[in-house]
Amino acid sequence: MPRGRYSLHDPHDHTPLAEEHFQCATGPSGWRYVSRLTAPAGDPHGSVDLTLDDLGRPLRLELHAGGWQVRGAALDGVTWVRTDPTGDHASEGNVRAHAFTGTSPAFLVATARLLRLTPSATETRVRLVALTDPVLAPRTVDQSWTLVEREAHATDNGPLVVEEYQVTALDTGGLHTVHLAGDVVLAAPGIELEDLESPPSVFP
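Residues numbered from 1 in each chain as written. Predicted model: local features only at pLDDT ≥ 70, side-chain atom pairs only at ≥ 80, totals over all residues. Heavy atoms only, no water.

Under an unreviewed UniProt entry, the name given to the protein chain is Glycolipid-binding domain-containing protein, and the organism recorded is Streptomyces tagetis.

**Q** Break down the packing of aromatic side chains for me, citing the residues and quoting the values.
**A** If you walk through the whole model with that rule in mind, you get six aromatic pairs. Taken together, a centroid distance of 4.5 Å and an interplanar angle of 20° make the contact between Y6 and F22 stacked. With Y6 in strand β1 (residues 3-9) and F22 in strand β2 (residues 16-27), the pair connects residues that are 16 residues apart, well separated along the chain. Both rings, one in W80 and one in F100, keep their centres 6.5 Å apart while their planes meet at 80°; by these two values the pair is edge-to-face. Within this pair, whereas W80 is found in strand β7 (residues 78-83), its partner F100 is found in strand β9 (residues 99-102), the two being separated by 20 residues in sequence. F100 carries the same exposure label as W80, and that label is buried. Here the aromatic cluster, defined as three or more aromatic residues joined through ring pairs, consists of Y6, F22, W31, Y33 and F203. Across from the ring centre of W68, 3.8 Å away, lies the NZ or CZ of R82, which sits over that ring. (Phe/Tyr/Trp six-rings, centres within 6.5 Å; stacked < 30°, edge-to-face > 60°. Helix = DSSP H or I, 4+ residues; strand = E, 2+ residues; numbered from the N terminus. Buried < 20%, exposed > 50% of the residue type's maximum accessible area, 1.4 Å probe, protein only. Lys NZ or Arg CZ within 6 Å of the ring centre and 35° of its normal.)

**Q** Explain the pattern of salt bridges residue by residue, including any values.
**A** Within this structure, the stated rule accounts for eight salt bridges. Note that R71 and E62 form a salt bridge whose closest N and O atoms lie 3.0 Å from each other. A relative accessible area of 44% places R71 in the partly exposed class. Its relative accessible area of 13% is what places E62 among the buried residues. One salt bridge connects R150 with E163, and the closest N-O pair in it is separated by 2.8 Å. (Salt bridge = Lys/Arg side-chain N within 4 Å of Asp/Glu carboxyl O.)

**Q** How would you sum up the nonpolar core? Please name residues and give values.
**A** Within the largest apolar cluster, 49 residues are counted, with the highest numbers of intra-cluster contacts made by W31, W145 and Y165. The element that contributes the greatest number of residues to this core is helix α1 (residues 106-115), accounting for eight residues. In this view, W31 contacts C24, A25, T26, L50, T51, L52, A106, V109, D183 and F203; residues no more than four positions away in its chain are not counted. (Core = buried A, V, L, I, M, F, W, Y, C linked by side-chain atoms within 4.5 Å. Contact = heavy atoms within 4.5 Å.)

**Q** I'd like a rundown of the pairing of strand β4 (residues 44-53), residues and numbers included.
**A** Within β4, seven of the ten residues are buried, leaving the element largely enclosed by the surrounding structure. Where strand β3 (residues 30-38) and β4 come together, nine bridges link them in antiparallel fashion. Looking at the pairing, Y33 lines up with L50 of β4. Hairpin connection, β4 to strand β5 (residues 58-65): the antiparallel pair is bridged by four residues, and G56 has positive phi, about 90°. (Pairing = 2+ DSSP bridges.)

**Q** Could you give me a rundown of the pairing of β2, with the residues and numbers involved?
**A** In the case of a regular strand, side chains alternate between the two sheet surfaces. As judged from the seven bridges shared by β1 and β2, these two strands associate in the antiparallel manner. Residue R5 lies in a different strand from β2, and its bridge partner there is H21. Following β1, the chain reverses through six residues before pairing antiparallel with β2; H14 in that reversal takes a positive phi of roughly 65°. Looking at chain direction, β2 and β3 are connected through nine bridges and run antiparallel. Bridging from a neighbouring strand, E20 pairs with L37 of β3. Here β2 folds back onto β3 in antiparallel fashion, the turn holding two residues.

**Q** Provide a residue-level description of α1, including the pertinent values.
**A** Most of α1 is tucked away, with ten of its ten residues classed as buried. Phi turns positive, to about 50°, at R116, one or two residues after α1.

**Q** I'd like to hear about unusual backbone geometry, residue by residue, with values.
**A** Omega for the peptide link from D133 to P134 comes to 10°, which places this bond in the cis form. Assignment of secondary structure puts P134 in the loop between β10 (124-132) and β11 (137-153). The phi dihedral of H14 is positive, around 65°, even though this residue is not glycine. Along the chain, H14 falls in the loop between β1 and β2. The exposure class assigned to H14 is exposed, which follows from its relative accessible area of 53%.

What follows is the structure in structure tokens.
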């Protein structure tokens, strides 16, 4: 069960945004990731609770940020309920999309798990609902993912398989690289793995 800490920063000017203390685990029915976020000053900054089924679809998502809360799941595409800080009003949404995305590294692992790519030059398009800080407002985004390389590195705990993805935002053409090892993000724009207490889990 990997447990560790990511630091999140603005990918453009590197302003620190938060630290995300996480743990995640694979199981017979899928994968679960839970985390707590703290602001640079140490104040609580939100939380993530994401459960995937064995096909990589979001069975359950619960996000908290800035007093806002979103609960969602894969249902007729993806469906969610977003609640305001006062709790007096809630809005529902549904989009013909494959999954959710957001600030947390969990969503990069989830998208890679959903797509299950093999190394090639072929791009695979995916439609996602982005829920980003500070107010978790939903926005539909289209991306293309390519698994560029899968390479095994020798470690004291056996080989560590690292995957390199190229991700393109189809609305802007922006291209970035994501490195994953199992269910842990090693490097991505705005994300740094600062601490890892146990090796990444290997998906079956």
